[in-house]
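Chains, contacts and geometry: an overview
Letter by letter, the chains look like this.
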Amino acid sequence: MTAIKHALQRDIFTPNDERLLSIVNVCKAGKKKKNCFLCATVTTERPVQVKVVKVKKSDKGDFYKRQAAWALRDLAVVDAKDAAKENPEFDLHFEKIYKWVASSTAEKNAFISCIWKLNQRYLRKKIDFVNVSSQLLEESVPSGENQSVTGGDEEAVDEYQELNAREEQDIEIMMGGCECAISNAEAFAEKLSRELQVLDGANIQSIMASEKQVNTLMKLLDEALDEVDQIEVKLSSYEEMLQSVKEQMDQISESNHLIHLSNTNNVKLLSEIEFLVNHLDLAKGHIKALQEGDLASSRGIEACTNAADALLQCMNVALRPGHDLLLAVKQQQQRFSDLREHFARRLASHLNNVFVQQFTQALLQLYNRSYFLSVPGHDQSSTLAQHSIELTLPNHHPFHRDLLRYAKLMEWLKSTDYGKYEGLTKNYMDYISRLYEREIKDFFEVAKIKMTGTTKESKKFATLPRKESAVKQETESLHGSSGKLTGSTSSLNKLSVQSSGNRRSQSSSLLDMGNMSASDLDVADRTKFDKIFEQVLSELEPLCLAEQDFIGKLFKLQQHPSVPGMMTEAEDLDGGTLSRQHNSGTPLPVSSEKDMIRQMMIKIFRCIEPELNNLIALGDKIDSFNSLYMLVKMSHHVWTAQNVDPASFLSTTLGNVLVTVKRNFDKCISNQIRQMEEVKISKKSKVGILPFVAEFEEFAGLAESIFKNAERRGDLDKAYTKLIRGVFVNAFL
């Protein structure tokens, strides 16, 4: 063990300016025996730091490494397990309990004794020693004998004094006067003794001669003692008087302390009362506004908004510890809760009434117009044409402006009573969706009438149900002859006039529609359709954007794009809760609020996508080449909407409709290729241009004029590839 101790001191502690005092070979109790060493060390520099260091032998070699260290001041308890019996186990209580088993009881006792000494010297007995033999601790204390011996030696050292120069000189003079001082020490000592006796006798005689003076001195001393006794009596009386004064001063001091303590408590109490009054006191004007405020006027809304904000601040104040136990605070908080519930009910009821009133007014206007159009004997088509000279949707800006006055109150309701806030959103969606559904259906009905023209046959075609319209179209396609569509440019029109005689005799052409009436459609019809379709999209886009912006502002929902991967389970279109992930009393996070806007828009404008699909189907049946116009226009509007917000309702809806338009475009190209395959050339004609080659020229001119500067130019190039391949394949059959 001595060699190990020397090696540890040399390799580990000396480089760190530490001195190893004690060492014990231990292993952890209850585990596989992995031996290590616990070392008690002190630093060589001041201030002295005492540590318990755990040293472990390295697995890769014979050297030792420092594994852990604890400051001795962190040691709370040393438990030796058994003070009567020899037991190698002991515990050290640092931040947690470490259980050790020493290799021998002697090493354990030596280590504990060292810890006790260090505790006595540096920590002033802060460590508790449990189950440690008192004999072991007494052995660490120096005995009284040793202390006394040591003290005697120190006194002897202190009593010895060297001779000064004068004393040395006097001794030398005295020894110089005696010739035998050095040769005969006994004679010198005897001489000194005789001289000393002579001096002592002289001193005694001098004292006896001064007896009178001594008596006088003793008399003076007696008088002095009497004076001292008198002074002591006076001092005693003074002390008694001062003692009463001291008691009075102590009482005054205690009284002053109590007064100071009372003043301090009063100041603190006043501070707490001022805090509660300043933060939990709601002005009477605010209370009156919350209970009876006019929610219809702008001034009343502003007063209610200020009162609601003040109430929210009072309810959200951070109370200090103990405030919630005060009866007055509990009563005030209950009063605030009652005010909040009352105002929340009143606000929700008022907003519901506003929704109903606005919806009723708008719906009455629609009913009045519908009634006017359905009067017996009235020409409905002419009335619709007069009413919709400009194909527009009703403007809801006044409705939005009136409701936006309640935006701050809606935000307050959202933060205080999410259940009523959610109920308002559902009611608003129910009312506004019915209104928009009626307006949008009327809008699309007018658009269909404008697209199909004003003839009696086209009006019937536009007003028939979808199933009946399809039957009517199929019947007309069976009895009608092949119609030819002219180009949309002047050059194509001239080309069509020059070759009309030859092309009318063919059984089929590239532009033959085959599913409409027998009359040829001219450039004006296509231009008219293009303008109407563009007008429809141009009216729907600001309507949706305005409604989405209004919903975000009124219901205080975030407008920026949501974070991916945080979608909630949204409601069905026929109703239900807006988000089943959240309770009715918990506000939604930012991503769910963005999703909530989208789901609200889907419910409000659920009729837009079906109506657009019906309009696209109608345009495709009127003229299959209308799919070219629709593809260009729809692509442009989808691109514009995605630049604003790729995840918005408008972008998603237009994207879905664009898929339908693209399918119609592909179907149109496929029909043209099939018509090429079905063309039969007369055997009498030996020289001439194939009909579908000339018609492809007209198609290319029409397509180029439509797709000029369009975003979907690639779709047209792919269609060119298919059509040119079809021309060459059918030309050489």
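Just so you know, these numbers come straight off a predicted model, no measurement behind them.

Procedures and definitions
Residues numbered from 1 in each chain as written. Predicted model: local features only at pLDDT ≥ 70, side-chain atom pairs only at ≥ 80, totals over all residues. Heavy atoms only, no water. Helix = DSSP H or I, 4+ residues; strand = E, 2+ residues; numbered from the N terminus. Buried < 20%, exposed > 50% of the residue type's maximum accessible area, 1.4 Å probe, protein only. Contact = heavy atoms within 4.5 Å. Axes fitted to C-alpha atoms, helices over the stretch in contact; angles between N-to-C directions. Parallel < 35°, antiparallel > 145°, perpendicular 65-115°, else oblique. Left-handed = near helix turned anticlockwise from the far one by under 90°. Nonpolar A, V, L, I, M, F, W, Y, C, P; charged D, E, K, R; others polar. Expected span 1.5 Å × (residues − 1). Pairing = 2+ DSSP bridges. pLDDT = per-residue confidence, 0-100. Salt bridge = Lys/Arg side-chain N within 4 Å of Asp/Glu carboxyl O. Patch = residues over 30% accessible without salt bridge, like charges linked within 9 Å, V, L, I, M, F, W, Y side chains within 5 Å. Areas by Shrake-Rupley, 256 points an atom, 1.4 Å probe, with all protein chains shown as cover. Lys, Arg positive; Asp, Glu negative; His and termini not counted. Charge placed at Lys NZ, Arg CZ, Asp CG, Glu CD. Disulfide = S-S within 2.5 Å. Core = buried A, V, L, I, M, F, W, Y, C linked by side-chain atoms within 4.5 Å. Phe/Tyr/Trp six-rings, centres within 6.5 Å; stacked < 30°, edge-to-face > 60°. Lys NZ or Arg CZ within 6 Å of the ring centre and 35° of its normal.

Scanning the protein chain for helices and strands turns up 25 helices and 10 strands. When each of the 733 residues of the protein chain is scored for burial, the buried share is 38%. Nonlocal contacts in the protein chain, meaning residues at least 24 apart in sequence, comprise 70% of its contacts between residues at least 6 apart.

With an omega of 0°, the peptide bond running from arginine 46 to proline 47 counts as cis. Tracing the sequence through the fold places proline 47 in the loop between β2 (36–43) and β3 (50–57). Phi at asparagine 131 is positive, roughly 60°, even though this residue is not glycine. Locating asparagine 131 in the fold gives a position in the loop between β8 (128–130) and α3 (134–138).

All right, on to the packing of helix α8 (residues 284–292) against helix α9 (residues 298–315) then. At their nearest, the axes of α8 and α9 sit 8 Å apart, and the two run at 115° to each other. Here α9 runs roughly perpendicular to α8, going by the angle between their axes. Seen from above, α8 lies across α9 with left-handed handedness. Across the interface between the two elements, His286, Ala289 and Leu290 of α8 pack against Ala303, Cys304, Asn306, Ala307, Ala308, Ala310 and Leu311 of α9. Looking at the contact of α8 with α9, its residues break down into eight nonpolar, two polar and no charged.

Below, the discussion takes up the environment of arginine 346. Among the secondary structure elements, arginine 346 is positioned in helix α10 (residues 327–373). C-alpha separation for the pair arginine 346 and glycine 293, spaced 53 residues apart in sequence, amounts to 9.8 Å. If we skip the residues at most four places from it in the chain, arginine 346 touches Ala289, Leu290, Gln291, Glu292, Gly293, Leu295 and Cys304.

So, about the packing of α9 against helix α13 (residues 407–416). The interhelical angle for the contact between α9 and α13, taken along N-to-C directions, is 25°, at an axis separation of 9 Å. When the axis of α9 is compared with that of α13, the two are roughly parallel. The handedness of the crossing between α9 and α13 is left-handed. Along its contact with α9, which presents Ile301, Cys304, Thr305, Ala308, Asp309, Leu311 and Leu312, the element α13 presents Lys408, Leu409, Trp412, Ser415 and Thr416.

Further remarks concern helix α21 (residues 608–622). The end-to-end C-alpha distance of α21 is 21 Å, a good match for the 21 Å that 15 residues give at a rise of 1.5 Å each. For α21, the complete set of buried residues consists of Ile608, Glu611, Leu612, Asn614, Leu615, Ile616, Leu618, Gly619, Asp620 and Ile622.

This brings us to the sheet that holds strand β6 (residues 89–93). Backbone-to-backbone hydrogen bonds join strands into a sheet, with any given pair of strands oriented parallel or antiparallel. The mixed open sheet is built from eight strands, whose spatial order is β4-β3-β2-β1-β7-β6-β5-β8. At either end of the open sheet lies a strand with only one pairing partner, and these are β4 (64–71) and β8. Pairwise comparison of adjacent strand axes, ignoring direction, gives a mean angle of 30° for this sheet. Judged from the six bridges that link them, β2 and β3 form a sheet pairing that is antiparallel. Counted as the bridge partner of alanine 40 is valine 52 from β3. Along the sheet face, helix α2 (residues 105–123) touches β1 (18–28), β2, β3, β5 (77–79), β6, β7 (97–102) and β8 and points at about 135° away from the line of β1.

Our focus in this paragraph is the side chain of glutamine 358. The residue glutamine 358 is located in helix α10 in this model. Judged by relative accessible area, which is 18%, glutamine 358 ranks as buried.

This paragraph deals with the confidence of the model for the protein chain. In the predicted model, the protein chain carries a mean pLDDT of 76, and the fraction of residues at 70 or more is 75%. Mean pLDDT across the secondary structure elements of the protein chain bottoms out at helix α17 (residues 490–498), with 31, and peaks at β2, with 92. Confidence drops under a pLDDT of 50 for residues 142–160, and excluding neighbours within four residues, the segment shows one contact in the predicted structure. In this model, residues 371–388 is a region of pLDDT below 50 whose contacts with residues beyond four sequence positions or in other chains number 13 contacts.

Let us look at the pattern of salt bridges. Applying the stated rule across the entire model yields 17 salt bridges. With a closest N to O distance of 3.6 Å, arginine 438 and aspartate 442 form a salt bridge. Of the two residues, arginine 438 and aspartate 442 both sit in helix α14 (residues 418–452), four residues apart, roughly one turn of that helix. Lysine 553 is the partner of aspartate 549 in a salt bridge, and the nearest nitrogen-oxygen pair spans 3.1 Å. On the criterion of helical spacing, the pair formed by aspartate 549 and lysine 553 is a turn pair, its members being four residues apart in helix α19 (residues 523–554). Its relative accessible area of 42% is what places lysine 553 among the partly exposed residues. Several salt bridges share partner residues, and in doing so they unite Arg340, Glu341, Asp417 and Lys420 into one network.

With that settled, the discussion passes to a negative patch on the surface. A cluster of acidic side chains, namely Asp222, Glu223, Asp226, Glu227, Asp229 and Glu232, defines a negative patch on the protein surface. Relative to the helices and strands, aspartate 222 resides in helix α7 (residues 211–280). On the accessibility criterion, aspartate 222 (43% relative accessible area) is partly exposed.

Moving on to the state of the cysteines. If you walk through the whole model with that rule in mind, you get zero disulfides. No disulfide involves cysteine 607; its sulfur sits 9.4 Å from that of cysteine 544, the nearest cysteine. By relative accessible area, which is 7% here, cysteine 607 ends up buried.

Judged by nonpolar contacts, the single largest core of 113 residues is most densely connected at Tyr428, Val536 and Phe605. A per-element tally of this core places α14 first, with 14 residues. If we skip the residues at most four places from it in the chain, tyrosine 428 touches Phe355, Phe399, His400, Leu403, Ser433, Glu547, Phe550, Ile551, Phe555 and Ile604. Counting residues in hydrophobic clusters, the runner-up holds 31 residues, among them Val24, Leu92, Tyr98 and Ile127.

Following the criterion strictly, the structure yields 18 aromatic pairs and no others. On the numbers, 5.2 Å between centres and 40° between planes, the contact of tyrosine 418 with tyrosine 421 is tilted. One end of the pair is tyrosine 418 and the other is tyrosine 421, both in helix α14 and three residues apart, which spans about a single turn. Here phenylalanine 665 and phenylalanine 707 contribute two aromatic rings whose centre-to-centre distance is 6.2 Å and whose plane-to-plane angle is 55°, an arrangement assigned as tilted. Taken together, the positions of phenylalanine 665 in helix α23 (residues 649–678) and phenylalanine 707 in the loop between α24 (691–706) and α25 (713–731) put the pair 42 residues apart, joining distant regions of the chain. There is no split in this pair, since phenylalanine 665 and phenylalanine 707 are both buried. Among the aromatic residues, ring-to-ring pairing joins Phe355, Tyr418, Tyr421, Tyr428, Phe550 and Phe555 into one connected group. Looking at arginine 320, its charged tip hangs above the ring of phenylalanine 275, at a distance of 4.1 Å from the centre.

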